[in-house]
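The lines below spell out each chain.
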Amino acid sequence: MRFRRVLVVMTLLLVSVGSRADAQQETRSALLQRATTAYDDFDLARAARLARQAVDPALGPRDSAWTRGVHLLTQLLLESDRPAHAQLWARWALRLEPTMPLDSANFLARVVGTLRAARDSAARSASDAAVRESYVWPSATSTATDARFRLGQSTAPVRVLVRGVGVLSAGAGVTVEPGRYEIEVTADGFLPLRITREALPGVTTELSFLPLSAAAAAASLEPQARQRVEQGLVTLNVQRFGLPTRCAIGVLLDAQGRIAVSYESIRGADSLWIGGSTVAVGVAAWDRSANLAILSAGSSSATPLDAAPAPMAGQALFGLGRRDCDTFVEGRALVHEGPASAVSLTAPATGIEVAAPMVDFEGRFVGFYEGGVRVQTLDALAALNTTADANIAAGVLRRAREVAEAERQRFGVVVLSSAARGARIRVEPMEPWHWAALDTTAASPFTFAGPAGRYRVHLLATRAAAQSEVVTVAAGTRSRSTLSGRTAIASTGSAPTAQRERRRVPKWVWYTAAGVGVVAGIALSGSGGGDPPPAVIISVPNP
């Protein structure tokens, strides 16, 4: 009897241990399957808890199963009439994975719409690069609805304020209502951080911070950093048909002579070569939409520039160029609190040209200046590098002229003139491969150099008839076009009018006619019956 009792206890213990092991080893896919079964059984509450468990980041990579779990959890919360919670979880998921694909084939339009709106409202900011988060997830059977923030280990003593809640101190953390919160982080000698985070029902979110030294907002590059940058930059000579040679600044990526450059800076070029050398540079890959190109110039003894981490709000960026293809010039701008996917500046960079490379305070490469308050990021550089690798390995390099011809952007020249005095001529681009800066105005005669294609040319002259015509620029050729500028009669007033000016009738004629009319009226009113009065004829000179 005692032996049987021991056997039963041991069996129960083994079953219990096995059950706990199974629960610990339960995969994301298995949880989603159980959630789907509960949904089919109309148990929405249990299905939502299982779906919540399935999106735990600790269960593995955020793959297609995780994406399916996010969609399912959103749908379950919407069907349970909890749209606020559905939006909250959707924003959290899209903040973690901004490029997560949306499945409109297998989920309701309302689900996809909620996720799409969450993507727009949960864009990562420049400060997110300095934040790390981890989670304490509830069990699949937990019905807890409170959310918690907890402070993790940071690289500096930080002060954390959760707006609307209070200070977040080390220790147990703080309990908050589920929702979205703005969090401000400060530390002595470091740049401040401002982030937005979701507090999830039943989940403890632990936040750790890696603030950036205040030196990142320096007024200028340190001499050592500037020296590294100058050694890692490459000055390119760019020749376009019909224009004098100009300079472009590239960034050396490796010792094999691979150079990153803004596509805009070499657009339409006939030839490229490194300053001080006669060796032509080949194009290994380019992406016009990403405004990037990778060139190949053979091996190089210069030191390549390292890539910078994502810049943060308040950080200074420095752009370098060459004045007259000779002296280095430096410009500075501050990073604005904006989306991490596209660096935004607080104000336009001064002292540098569009397409200049931008570096951080340590001289690490950030991207190319696109003008205004935009700096192009290097997100597209990795994919372009893969293409460049394959082309270099296969020995397939394009000449600059071949790239210009492939993009229909090789230059030609047209000389525009008019006989009208003081005429000005506006050239308006018409083709889809043209760009806005080609829209220019100059005094006649105007020698216009631009990429091949059609342009609408407007004659702007105050004493000439309005005139507009279409001219075509052919690649690698020089042509002429003359706008007649015929004199406009209406504008000059020098020609006679179509008919004589009407002669005025003297006033005494009108007074006489009026008086006779009054007399005639009296005569008529006093005649009564009988014979009609004699007719009164008023003669007025024909004007």
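Within each chain, residues carry numbers counting from 1 in the order of the written sequence. For this predicted model, a pLDDT threshold of at least 70 governs which residues receive local features, and a threshold of 80 or more governs which side-chain atom pairs are given and counted, while totals over whole chains, interfaces and linings are taken from all residues. Water and hydrogen atoms play no part in the side-chain values, which are based on all heavy atoms of the structure.

Assigned secondary structure in the protein chain consists of twelve helices and 27 strands. Here's how the labels work: a residue is buried when its accessible area is under 20% of the maximum for its type, exposed when over 50%, partly exposed in between, all with a 1.4 Å probe on protein chains only. For the protein chain, the proportion of its 543 residues judged to be buried stands at 41%. For the protein chain, restricting intrachain contacts to residue pairs at least 6 apart in sequence, the fraction spanning at least 24 positions comes to 65%. Shrake-Rupley sampling with a 1.4 Å probe provides the accessible areas, and residues are treated as covered by the protein chains on show and by no other component. Accessible surface computed for the protein chain: about 29,100 Å², of which carbon and sulfur atoms make up 54%. A helix here means a DSSP run of H or I that spans at least four residues, while a strand means a run of E at least two residues long, and both kinds are numbered starting from the N terminus. Should any heavy atoms of two residues lie within 4.5 Å, those residues are considered in contact.

Taking 1.5 Å of rise per residue, the 14 residues of helix 5 (residues 83-96) would be expected to cover 20 Å, and the 20 Å separating its terminal C-alpha atoms lies within 8% of that figure. Burial analysis of helix 5 places ten of its 14 residues in the buried class, which makes it a mostly covered element. Those residues of helix 5 lying buried are Ala86, Leu88, Trp89, Ala90, Arg91, Trp92, Ala93, Leu94, Arg95 and Leu96. Contacts from the buried residues of helix 5 go to helix 3 (44-54), helix 4 (64-79), helix 6 (109-121), strand 1 (131-136), strand 6 (179-186) and strand 7 (193-199). To estimate the expected span of a helix, count its residues, drop one, and scale the result by 1.5 Å.

Take the sheet that holds strand 4 (residues 166-168) next. Here a strand pair is declared whenever DSSP counts at least two bridges between the two strands. A sheet is described by the order of its strands in space; here four strands give the open sequence 4-3-6-7, paired in antiparallel fashion. The open sheet has two edge strands with one neighbour each: strand 4 and strand 7. Going from strand to strand, the sheet's axes swing by 35° on average, the running direction of each strand aside. Across seven bridges, strand 6 lies against strand 7 in antiparallel orientation. Pairing of Glu184 across the sheet is with Arg194, part of strand 7. In this description, a line fitted to the C-alpha atoms serves as the axis of each element, helices being fitted only across the stretch in contact, and the angle between N-to-C directions of two axes falls anywhere from 0 to 180 degrees.

Right, let's get into the pairing of strand 2 (residues 147-151). Residue alternation in strand 2 divides its side chains into a buried set, Ala147, Phe149 and Leu151, and an unburied set, Arg148 and Arg150. Both strand 2 and strand 5 (residues 174-176) contribute to a ladder of three bridges, which runs antiparallel. Considered in strand 5, the bridge of Arg148 is made with Thr175. Sheet topology note: the strand 2/strand 8 (residues 204-209) ladder contains four bridges and is parallel. Across the sheet, Arg150 pairs through a bridge with Glu206, a residue of strand 8.

Turning next to the packing of helix 4 against helix 5. Remark: helix 4 packs on helix 5, axes separated minimally by 7 Å, with the N-to-C direction vectors making an angle of 165°. On the basis of the axis angle, helix 4 is roughly antiparallel to helix 5. The interaxial crossing formed by helix 4 with helix 5 has left-handed handedness. Here helix 4 contributes Trp66, Val70, Leu73, Thr74, Leu77 and Leu78 to the contact with helix 5, which in turn contributes Pro83, His85, Ala86, Trp89, Ala90, Trp92, Ala93 and Leu96. Geometric relationships in this document are graded by angle, where less than 35 degrees denotes roughly parallel, more than 145 denotes roughly antiparallel, 65 to 115 denotes roughly perpendicular, and other angles denote oblique. Each crossing gets its handedness from the near helix: less than a right angle anticlockwise from the far helix is left-handed, clockwise is right-handed.

Right, let's talk about unusual backbone geometry for a bit. In this structure, the amide linkage connecting Ser444 to the following residue, Pro445, adopts the cis form with an omega of 0°. Mapped onto the elements of the fold, Pro445 is located in the loop between strand 23 (440-443) and strand 24 (446-451). A positive phi angle, near 60°, is found at Asn291, a position not held by glycine. With respect to the helices and strands, Asn291 occurs in the loop between strand 13 (282-287) and strand 14 (292-296). Despite not being glycine, Ala355 shows a phi value in the positive range, around 80°.

Before going further, it helps to spend a moment on the pattern of salt bridges. For salt bridges, the criterion is a side-chain nitrogen of Lys or Arg within 4 Å of an Asp or Glu carboxyl oxygen. Applying the stated criterion across every chain yields a total of 25 salt bridges. Note that Glu407 is salt-bridged to Arg288, the shortest N-O span being 2.7 Å. One end of the pair, Glu407, is in the loop between helix 10 (400-406) and strand 21 (411-418); the other, Arg288, is in the loop between strand 13 and strand 14, with 119 residues separating them in the sequence. Judged by relative accessible area, which is 15%, Glu407 ranks as buried. On the accessibility criterion, Arg288 (38% relative accessible area) is partly exposed. Across the pair Arg426 and Asp439 runs a salt bridge whose closest N-O atoms are separated by 2.7 Å. Taken together, the residues Arg426 in strand 22 (residues 424-429) and Asp439 in the loop between strand 22 and strand 23 connect sequence positions 13 residues apart. The exposure class of Asp439 is partly exposed, given its relative accessible area of 32%. Linked through salt bridges whose partners overlap, the residues forming this network are Asp270, Arg401, Glu405 and Arg410.

If you look at soluble globular proteins, the nonpolar side chains tend to sit buried side by side. By nonpolar core is meant a set of buried Ala, Val, Leu, Ile, Met, Phe, Trp, Tyr and Cys residues that side-chain atoms within 4.5 Å join together. Phe149, Val160, Ile183, Phe209 and Leu233 are the most contacted members of the largest nonpolar core, which totals 47 residues. The contacts of Leu233, once residues within four sequence positions are left out, are Ile249, Gly250, Val251, Leu305, Leu320, Phe328 and Pro357. Judged by nonpolar contacts, the second largest core, of 34 residues, contains Ala54, Ala93, Met100 and Phe107.

Below, the discussion takes up the sheet that holds strand 22. One open sheet accounts for four strands, arranged 23-22-25-26; its pairing is antiparallel. Looking at the sheet topology across the chains shown, the edges are occupied by strand 23 and strand 26 (467-473). Pairwise comparison of adjacent strand axes, ignoring direction, gives a mean angle of 25° for this sheet. Relative to strand 25 (residues 453-460), strand 22 runs antiparallel, the two sharing six bridges. Bridge pairing in strand 25 places Arg424 opposite Leu460.

Turning next to the environment of Leu168. Summarising the element assignment, Leu168 is placed in strand 4. Separated by 19 residues in sequence, Leu168 and Phe149 have C-alpha atoms that sit 7.7 Å apart.

This brings us to helix 2 (residues 28-40). An ideal rise of 1.5 Å per residue puts 18 Å on 13 residues; helix 2 measures up with 18 Å between its terminal C-alpha atoms. Inspection of helix 2 places Arg28, Leu31, Leu32, Ala35 and Ala38 among the buried residues, and these make up the whole buried set. End-on view of helix 2: buried residues confined to an arc of 120°, all on one side of the axis. Residues of helix 2 that are exposed and point more than 90 degrees away from the buried face comprise Gln33 and Asp40. Contact partners of the buried residues in helix 2: helix 3 and helix 4. One or two residues past the end of helix 2 sits Phe42, with phi positive at roughly 65°. The arc in question is traced by the directions running from the helix axis to the C-beta atoms.

Position of Ser142 relative to the elements: it lies in the loop between strand 1 and strand 2. Within the structure, Ser142 has its side chain in polar contact with the backbone nitrogen of Ala144 (distance 3.2 Å). Whenever a nitrogen or oxygen atom comes within 3.5 Å of another N or O atom, the pair is scored as a polar contact, on the condition that within protein one atom can donate a hydrogen and the other can accept it, and that pairs from neighbouring residues in sequence are kept only if both atoms are in side chains.

A few words now on the packing of aromatic side chains. The criterion for an aromatic pair is that two Phe, Tyr or Trp rings (for Trp, the six-membered ring) have centres within 6.5 Å, with stacked assigned to planes under 30 degrees apart, edge-to-face to planes over 60 apart and tilted to the rest. Taken as a whole and judged by the stated rule, the model has ten aromatic pairs. The interplanar angle of 70° and the centroid separation of 5.9 Å between the aromatic rings of Trp89 and Trp137 together place this pair among those described as edge-to-face. On the criterion of sequence distance, the pair formed by Trp89 in helix 5 and Trp137 in the loop between strand 1 and strand 2 is long-range, its members being 48 residues apart. Exposure class is identical for Trp89 and Trp137. Each is buried. Ring plane angle 75° and centroid distance 6.0 Å describe the contact between Phe446 and Phe448, whose orientation is recorded as edge-to-face. Each member of the pair, Phe446 as well as Phe448, is classed as buried. Grouped by ring-pair contacts, the aromatic residues Trp66, Trp89, Trp92, Tyr135 and Trp137 constitute a single cluster. Working rule: Lys NZ or Arg CZ, within 6 Å of ring centre, within 35 degrees of ring normal, means a charge sits over the ring. Over the ring of Trp435 we find Arg267, and its NZ or CZ is 3.6 Å from the ring centre.

Geometric values such as these leave the question of function open.
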